[in-house]
Amino acid sequence: MPRAFLSYSFKISIVCICSYFFCSAAGAQSLKLHRQSAPLLHTFVEVKVYGDNQTQTIPSQVFREMERVNALLNNYDATSDISSINAAAGKKAVLIHQDTFNALSNALNYSAITNGAFDFTVGPLIELWGFSREHPGLSGPDPDDQTISRVQRLVDYRALELKSDSKGPYAILKNKGMRIDVGAFAKGFIADTAINFMRARNISSALVAAGGTICALGTKPDGQPWMIGIRHPRNEGTFLTVIPLHDQSVSTSGDYETFYVKGGKRRTHIIDPRTGMPVSTIQSATVIAPYGSASDALSTALFVMGPKDGLDLIEQLPGFEALMVSADGDVVFSSGWPQKTITY
Ligand code: AMP
Ligand code: MG
């Protein structure tokens, strides 16, 4: 059964821990919290907006906007732009919406700067390892090396070509059998869409939480940053740490989100495109970035890259910070990580 029909996962990696605060700054008292939450993007999405009575309908408008973009990107929806690109792989270019073009351009950029550790064409490997089914797992034995290599050759972000002409933007996957999987970046891109939608309507204090990604617009109404709890990867309900967020985004990729156990070992849904195997060396990777599309793509990338290469990359990117927990529970973080007290 395609994932579009799955029951939704409500395992939330990061949580705003300031849901019910009272505004104390002068002028902030008149602002009301308007909020809406619903299942979307195979996870639980929540929008919180502070504003006057006229902004009451903003959360429902934001949901409509997120649903519109999701209908373009969802690779488990046969009518989406991404499914059309996948169906035409190796055959022809497909006319796509500008939003799809922007999401794919962004994904191409992060695939390039991570040398393919993040690769949005990972779809065939996701299927090979049994992560595109309703209940993740393999009914038979593990794939042999030959099969892994054969499927691995279908994974290469450089085979996506994006172009535009007078009719609009197009995309083509150059080889038959290739498949884009948006699981690692669509939540962040759609959360950014929501933030941009609100900013264009003069909202200055809002939060969008989409599964493992939280995007903050401005500060809380009292001028203080939003405080976000980063989930402990093994003890659900407890936090490793709490960080401030102000006009930024944070995403966590965790081995607890979607996994199955085979031969006594946990096998998680993030695949290393360079080996063709599920990654087993990391419990979680969290990235703070200026945008949700960036934090989402890079949290998945760091999960694949591991602590050394992952932190080396983050140290080169201004405005980015990261925290990672290895399979043994060792915690490492980048030099500018905002909160140094971390309890594993
Ligand atoms: P996230 O929770 O954002 O880290 O996304 C995990 C999802 O991204 C998986 O369920 C797959 O759909 C997809 N994925 C797995 N491995 C990769 C990878 N190396 N690059 C890009 N997407 C991936
Ligand atoms: Mg991600």
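Scroll up to find the structure this text is about.
So, a few notes on the structure that sits alongside this text. This structure is a prediction, so every number in the text was calculated from the model and none was measured.

Before going further, it helps to spend a moment on the overall build of the protein chain. Of the regular secondary structure elements, the protein chain holds 7 helices and 18 strands. Taken over C-alpha atoms, the radius of gyration comes to 20 Å for the protein chain, in line with the 20 Å a tight globule of 344 residues would show. Within the protein chain, buried positions represent 57% of all 344 residues. Residue pairs at least 24 apart in sequence account for 64% of intrachain contacts in the protein chain once pairs closer than 6 positions are excluded. Side-chain charges of the protein chain comprise 31 positive and 31 negative groups, with the mean position of each set lying 4 Å from the other.

Turning next to the site of ligand 1. Close contacts around ligand 1 come from 17 residues, with Asp181, Ser253, His269, Ile271 and Thr300 the closest. Between a nitrogen atom of ligand 1 and a main-chain N or O atom of Asp119, the distance comes to 2.9 Å. Ile271 places a main-chain nitrogen or oxygen 2.8 Å from a nitrogen atom of ligand 1. Protein contacts shield 96% of the accessible area of ligand 1, which totals 500 Å² for the unbound molecule.

So, about the sheet that holds strand E6 (residues 168-173). The strand order across the open sheet built from 3 strands is E4-E6-E5, with neighbouring strands paired in antiparallel fashion. Of all strands in the sheet, those bounded by a partner on one side alone are strand E4 (94-95) and strand E5 (160-165). Direction of pairing for E5 relative to E6: antiparallel, over a ladder of 6 bridges. If you follow Lys163 over to E6, its bridge partner there is Tyr170. Sitting on the sheet, helix H3 (residues 98-113) touches E5 and E6, and the angle it makes with E5 is about 140°.

Further remarks concern the packing of aromatic side chains. Counted by the stated rule, this structure contains 4 aromatic pairs. With a centroid separation of 6.1 Å and an interplanar angle of 85°, the aromatic rings of Phe118 and Phe185 are classed as edge-to-face. Within this pair, whereas Phe118 is found in the loop between H3 and helix H4 (123-128), its partner Phe185 is found in the loop between E6 and helix H6 (186-199), the two being separated by 67 residues in sequence. Each member of the pair Phe118 and Phe185 is classed as buried. Aromatic pair Phe120 and Phe185: ring centres 6.5 Å apart, planes at 75°, arrangement edge-to-face. With Phe120 in the loop between H3 and H4 and Phe185 in the loop between E6 and H6, this residue pair connects regions lying 65 residues apart in the sequence.

Another point: the coordination of the magnesium ion (ligand 2). Surrounding the magnesium ion (ligand 2) are the protein donor atoms Ala184 (O), Asp296 (O), Asp296 (OD) and Thr300 (OG1), which sit 2.1 to 2.5 Å from the metal. Binding-site remark: the magnesium ion (ligand 2) is held by donors from one chain whose sequence spacing is A-x111-D-x3-T. Of this pair, Ala184 sits in the loop between E6 and H6 while Asp296 sits in helix H7 (residues 292-315), and the two are 112 residues apart along the sequence. For the residue pair Ala184 and Asp296, the accessibility class agrees, reading buried in each case.

Turning next to the nonpolar core. With 71 residues, the main nonpolar core has Met66, Leu73, Ile85, Leu104, Phe118, Ile180 and Met198 as its most contacted residues. It is H7 that provides the largest number of residues to this core, a total of 11 residues. The residues contacting Phe118, other than those within four sequence positions of it, are Ala107, Tyr110, Ser111, Ala184, Phe185, Ala297, Thr300 and Ala301. Counting residues in each nonpolar core, the second largest holds 19 residues, with Cys16, Leu207, Ile243 and Leu245 among its members.

Turning next to unusual backbone geometry. Look at Asn115: it is not a glycine, yet its phi comes out positive at around 50°. Here Asn115 shows up in the loop between H3 and H4. Non-glycine residue Asn202 carries a positive phi angle of around 65°. Its location among the elements puts Asn202 in the loop between H6 and strand E7 (205-210). Given a relative accessible area of 72%, Asn202 falls into the exposed group.

By secondary structure assignment, the location of Thr300 is in helix H7. What Thr300 contacts, discounting residues up to four positions off in sequence, is Phe118, Ala184, Ser253 and Ile270.

Further remarks concern the packing of H3 against H7. Relative placement of two packed helices is described by the angle separating their axes and the distance separating the axes. Two elements in contact, H3 and H7, have axes whose closest approach is 10 Å; the angle formed by their N-to-C orientations is 0°. In terms of their interaxial angle, H3 and H7 are classed as roughly parallel. Of the residues in H7, those in contact with Asn106, Tyr110 and Ile113 of H3 are Ser293, Ala294, Ala297, Leu298 and Leu313. Tallied by class, residues from the contact of H3 with H7 come to 6 nonpolar, 2 polar and no charged.

Here is what the cut-offs are and how they apply
- Chains are numbered independently. Their residues run from 1 in the order of the written sequence.
- Chains and ligands are labelled by the order in which they are written, letters from A for the one and numbers from 1 for the other.
- Local features in this predicted model are restricted to residues of pLDDT 70 or higher, and side-chain atom pairs are both shown and tallied only at a pLDDT of 80 or more, whereas totals for entire chains, interfaces and linings draw on every residue.
- By convention in this description, side-chain values take in all heavy atoms of the structure and omit both hydrogens and water.
- Only DSSP runs of H or I reaching four residues or more are called helices, and only runs of E reaching two or more are called strands; each is numbered from the N terminus.
- We compute the radius of gyration from the C-alpha atoms alone; for a globule the expected value is 2.2 Å times N to the 0.38, where N is the number of residues.
- Buried residues are those whose accessible area, probed at 1.4 Å on protein chains only, stays under 20% of the maximum for their type, while exposed residues exceed 50% and partly exposed ones sit between those limits.
- Residues are treated as being in contact if the distance between any of their heavy atoms lies within 4.5 Å.
- When charges are tallied, Lys and Arg are placed among the positive residues and Asp and Glu among the negative ones, while His and the ends of the chain are skipped.
- Where a charge lies is defined by one atom per residue type, namely NZ (Lys), CZ (Arg), CG (Asp) and CD (Glu).
- Here a residue is near a molecule or strand as soon as one of its heavy atoms is found within 4 Å of it.
- Nitrogen and oxygen atoms within 3.5 Å of one another constitute a polar contact, given that in protein one can donate a hydrogen and the other can accept it, and given that sequence-neighbouring residues count only through two side-chain atoms.
- Surface exposure here means Shrake-Rupley accessible area, sampled with a 1.4 Å probe, where a residue is shielded only by the protein chains that are shown.
- One bridge is not enough; two strands pair if DSSP finds at least two bridges between them.
- Note on geometry: axes are lines fitted to C-alpha atoms, helical ones only across the stretch in contact, with angles between N-to-C directions running from 0 to 180 degrees.
- Between the rings of Phe, Tyr and Trp (Trp by its six-membered ring), a pair exists once the centres lie within 6.5 Å; its type follows the angle of the planes, with under 30 degrees stacked, over 60 edge-to-face, and the other angles tilted.
- Keep in mind that water is not among the atoms, so a site may look incomplete; donors are the N, O and S atoms within 2.8 Å of the metal, or 3.2 Å for Na, K and Ca.
- Here, the term nonpolar core denotes a set of buried Ala, Val, Leu, Ile, Met, Phe, Trp, Tyr and Cys residues that are joined through side-chain atoms within 4.5 Å.
- Roughly parallel refers to an angle under 35 degrees, roughly antiparallel to one over 145, roughly perpendicular to one between 65 and 115, and oblique to any angle outside these ranges.
- Each residue gets one label: Ala, Val, Leu, Ile, Met, Phe, Trp, Tyr, Cys and Pro are nonpolar, Asp, Glu, Lys and Arg are charged, and the others, such as Gly, are polar.

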